[in-house]
Amino acid sequence: MKEFLTTIQCVVLLFLYFSNVFVICTDEIVDPSLAPMEKTEQEALYSAIQGFVGNWWNGSDLYPDPCGWTPIQGVYCDLYDGLWYVSDINIGPIYDNSLWCSPSADFSHHLFKLKHLKALSFFSCFTSPNQNPVTISNLRWEKFTHSLESLEFRLNPGLIGTIPTTFGNLTKLQSLVLLENGLSGKLPMEIGYVVNLRKLVLSGNHFLGQIPLSLGQLSDLLILDSSRNNLSGSLTLAFGSLRSLLKLDLSNNMLKGDLPGEIGELKNLTLLDLGSNNFSGGLVQSLGEMVSLKEMVISNNPLAGDLNNIQWEKLQNLEVLDLSNTGLRGNIPESLAEMEKLRFLGLNHNNLSGSVPPRLASLPCISTLYLGGNNLTGELGFSEEFYRKMGRRFGASNNPNLCHIAQLSSTNYAPYGVKPCNQESNSYKGVSNEKMSSTKGDWNSTNNSFLVESLGLSRYSFVGGENGWQTPKKNDRRVFNNWASNNRFIVGDTLHFKYEKDSVLVVTEEEYEKCHSAHPVFFSNNGETVFHFDRPGLFYFISGVSGHCERGQKMIIKVLEGANPPQPAANQNSTTDASRGSANRMFAAFSIPTLVLFMVSFIGLVFVV
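Cut-offs and rules
Residues numbered from 1 in each chain as written. Predicted model: local features only at pLDDT ≥ 70, side-chain atom pairs only at ≥ 80, totals over all residues. Heavy atoms only, no water. UniProt positions renumbered as here; feature names shortened; annotations may be inferred. Helix = DSSP H or I, 4+ residues; strand = E, 2+ residues; numbered from the N terminus. Contact = heavy atoms within 4.5 Å. Areas by Shrake-Rupley, 256 points an atom, 1.4 Å probe, with all protein chains shown as cover. Salt bridge = Lys/Arg side-chain N within 4 Å of Asp/Glu carboxyl O. pLDDT = per-residue confidence, 0-100. Patch = residues over 30% accessible without salt bridge, like charges linked within 9 Å, V, L, I, M, F, W, Y side chains within 5 Å. Polar contact = N/O pair within 3.5 Å; in protein donor to acceptor, adjacent residues only side chain to side chain. Core = buried A, V, L, I, M, F, W, Y, C linked by side-chain atoms within 4.5 Å. Buried < 20%, exposed > 50% of the residue type's maximum accessible area, 1.4 Å probe, protein only. Pairing = 2+ DSSP bridges. Axes fitted to C-alpha atoms, helices over the stretch in contact; angles between N-to-C directions. Disulfide = S-S within 2.5 Å.

- As annotated in an unreviewed UniProt entry, the chain carries the name Phytocyanin domain containing protein and comes from Trema orientale.
- UniProt lists a comment for the chain under the heading Sequence similarities (unreviewed entry), and it reads "Belongs to the early nodulin-like (ENODL) family."

Printed below as a string of structure tokens:
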């Protein structure tokens, strides 16, 4: 009986084996690459692509069709009933061999004949708002009602006009990205009808008006980014219903009013950025209920109020807390030191008073702590090891009644702009952190610029000249590195970055190449950044705004050792206005031989003339 069962098992195994072989052979015969493309589909695709790249393209190098052995880069297909249909189209310089748009790129009506299109993306395609402006408001988007799942327009300054109301018909749409274009007008309420949206990015356009109440219907939304526009009005209560939201960025707009208490209903939110608006009314207590938050940025708002009505100890996942320049009053609560994952804390440029909790230094992950520009008093209870670790990433200047422990092994580790507790003066050798005034004894920078440079004093350079720190034009991506190479920098020189709705990061070489840094050496976003070179070597600067670095807003500066190098001073960089100090203070730094050498040179020049 056992032998009989064994025989049956062997027969079954052989049957299954040969069945698999047959299936494999059958699969080899039906080769998907040989499947044909429907003729009308191919004609619609070719005509649509010609509208974007020009009539020179005819697809003659494709065999046997766009979905065969030699496909179009950025175009993908799916099989439906044994025929190829286009599923994805990506136009623009995404890959080395991608299809680039022509200067006269425009939409062809043939695009809307593609029956199964799921994803459509345009990257840096419509680039000239003056010579070739392109609108999308009058196109037949309803044709994609039952197919389109992703629609993206990135870095298209020539794409103007309003958002089409017909977007509301795209019921299958899950991702709508309109990033860094020239779009304007009000946000249509029809966006709220796209109930399957998971990702909505409207950043870097010229949208205005209020945020539509209909957005509250997007219960599955995960990412909402409407930053860097001209949106106004208050936050609607509807935001409380977006309970799936992971990221909310409304920074750099003109939003106003109180923060709604319903914002605390966003329990899954990991990033909240409301910076650079006009919010007021203080920090709402429900912020302490957002236990999943990793980043909270509400800087540059006239909030007022204090820090004591929030249970900070509940926010155990918080890594970044930026409340700089918000008009906060009162003391710094001890509970801030209980957020063990906190690595960035910005409380600078407020009206905070009282002492600084020593426990802040014991935060295990803290790497940046800015307390400057307040009314803090007393002795900083931080160790020399803390100052040594933090370097320029600790700032507490412009607190007149704040001092640090005097028993430091080297003044190099002293926090810049903070006096030792046994001294009355709060100034140090080098550059003063006070603004250059017109009072008696101060220098006139215009009339004495020759003297400053001749004697090796700290020079004050405005990055980018008259244009300042802003995104370069398309064909001028090396503008900042060219500016840097045309200037000579030595230890003691000072850079001034002037900008709007941007930021300045000092990063490592590797982070510079990647245009990204999660832990910059230096960070500032107050619009008037001052950076002081305190050592020779290479310094890497990038913009912290998404997409700006990639478009050329970055530079490398080589700093040389001066002829008479100044004594290095720790943490001489700030996010406040700085100057070179008064004439008396600067003359005190000169050696007598240097002055004599200058006078001899000057007299000789007079006789020659």
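## Side note on the overall build of the chain
Here comes step 1: When its secondary structure is counted, the chain shows 8 helices and 34 strands.
Here comes step 2: In the chain, of all internal contacts separated by at least 6 residues, the share reaching a separation of at least 24 is 62%.
Here comes step 3: Carbon and sulfur atoms form 54% of the exposed surface of the chain, whose accessible area is close to 29200 Å².

## Considerations on the pattern of salt bridges
Here comes step 1: For the structure on display, the rule yields 17 salt bridges.
Here comes step 2: With a closest N to O distance of 3.7 Å, Glu265 and Arg243 form a salt bridge. Placement of the pair is Glu265 in the loop between β14 (254-258) and β15 (271-273) and Arg243 in the loop between β12 (230-233) and β13 (247-249), with a sequence separation of 22 residues.
Here comes step 3: One salt bridge in this structure joins Arg359 and Glu334, with 3.8 Å as the shortest N-O distance. Taken together, the residues Arg359 in the loop between β21 (351-354) and β22 (368-370) and Glu334 in the loop between β19 (329-330) and β20 (344-346) connect sequence positions 25 residues apart.

## Observations concerning the confidence of the model for the chain
Here comes step 1: Mean pLDDT for the chain: 81, with 79% of residues reaching 70 or above.
Here comes step 2: Segment residues 563-572 is flagged for pLDDT under 50; beyond a separation of four residues in sequence, or across chains, it makes 20 contacts in the model.
Here comes step 3: Note on residues 574-609: pLDDT is under 50 here. Beyond four places in sequence and across chains, it has 66 contacts.

## A word on a nonpolar patch on the surface
Here comes step 1: There is a patch of nonpolar side chains on the surface, built from Tyr76, Ile94 and Tyr95 and spanning about 270 Å² of accessible area.
Here comes step 2: Checked against the element boundaries, Tyr76 lands in strand β1 (residues 75-80).

## A look at unusual backbone geometry
Here comes step 1: Backbone geometry at Arg228 places phi at a positive 55 degrees, although glycine is not the residue there.
Here comes step 2: The residue Asn252 is not glycine, and still its phi comes out positive at about 55 degrees.
Here comes step 3: Along the polypeptide, Asn252 turns up in the loop between β13 and β14.

## Quick notes on the environment of Lys498
Here comes step 1: Tracing the chain through its elements places Lys498 in strand β29 (residues 494-498).
Here comes step 2: Every residue in contact with Lys498, bar those within four places of it in the chain, is listed here: Gly468, Trp469, Gly527 and Glu528.
Here comes step 3: A polar contact is formed between the side chain of Lys498 and the side chain of Glu528, at a distance of 2.5 Å.

## Describing the nonpolar core
Here comes step 1: Counting residues in hydrophobic clusters, the biggest one holds 116 residues, and the most contacted among them are Phe107, Leu111, Trp141, Leu287 and Trp312.
Here comes step 2: Of all the elements in the fold, those that place two or more residues in this core are α2 (39-53), β1, β2 (83-91), β3 (119-123), β5 (150-156), β7 (175-181), β23 (375-380) and α3 (384-390).
Here comes step 3: It is α2 that contributes the most residues to this core, 7 residues altogether.
Here comes step 4: With sequence-adjacent residues up to four places away left out, Trp141 is seen in contact with Phe107, Phe112, Leu120, Ile136, Leu151, Phe153, Pro164, Thr166, Phe167 and Leu170.

## Notes on the sheet that holds strand β16 (residues 278-280)
Here comes step 1: Taken together, 5 strands build an open sheet; the order of strands is β8-β10-β12-β14-β16 and the sheet is parallel. Looking at which strands have only one partner, the edges of the open sheet turn out to be β8 (184-186) and β16. Across this sheet, the average inter-strand angle for adjacent strands is 15 degrees, counted without regard to direction.
Here comes step 2: Sheet topology places β8 next to strand β10 (residues 206-209); 3 bridges connect them, and they run parallel. Bridge pairing in β10 links Lys186 to Leu208.

## What about the state of the cysteines?
Here comes step 1: All told, the structure shown has 4 disulfides when counted by the stated rule.
Here comes step 2: Two residues, Cys67 and Cys77, share a disulfide whose sulfurs are 1.6 Å apart. Residues Cys67 and Cys77 share a disulfide whose torsion about the S-S bond is about -55 degrees; that sign makes it left-handed. Here the residue Cys67 occupies a position in the loop between α2 and β1, and Cys77 occupies one in strand β1, the gap between them amounting to 10 residues. For the pair formed by Cys67 and Cys77, the shared burial category is buried.
Here comes step 3: What pairs with Cys101 in a disulfide is Cys125, and their sulfur atoms sit 1.7 Å apart. The chirality of the disulfide connecting Cys101 with Cys125 is left-handed, given an S-S dihedral of about -85 degrees. Placement of Cys101 in the loop between β2 and β3 and of Cys125 in the loop between β3 and β4 (134-135) is noted, with a sequence separation of 24 residues between them. Side by side, Cys101 and Cys125 carry an identical accessibility label, which is buried.
Here comes step 4: Taking only the cysteines that form disulfides and numbering them from first to last, the chain has the pattern 1-2, 3-4, 5-6, 7-8.

## A short note on the side chain of Asn229
Here comes step 1: Its place among the elements puts Asn229 in the loop between β11 (223-225) and β12.
Here comes step 2: Residue Asn229 is classed as buried on the basis of its relative accessible area of 1%.
Here comes step 3: Of note is the side chain of Asn229, whose polar atom sits 3.3 Å from the backbone nitrogen of His206.
Here comes step 4: When residues no more than four places from it in sequence are discounted, the contact partners of Asn229 are Leu202, Ser203, Gly204, Asn205, His206, Phe207, Asn252, Asn253 and Lys501.

## Observations regarding the pairing of strand β33 (residues 537-542)
Here comes step 1: Relative to β33, strand β30 (residues 504-507) runs antiparallel, the two sharing 3 bridges. Looking across to β33, one finds that Val506 is bridged to Phe541.
Here comes step 2: One ladder, built from 6 bridges, connects β33 with strand β34 (residues 554-560); its direction is antiparallel. When the bridges of β34 are listed, Leu538 appears paired with Lys558.

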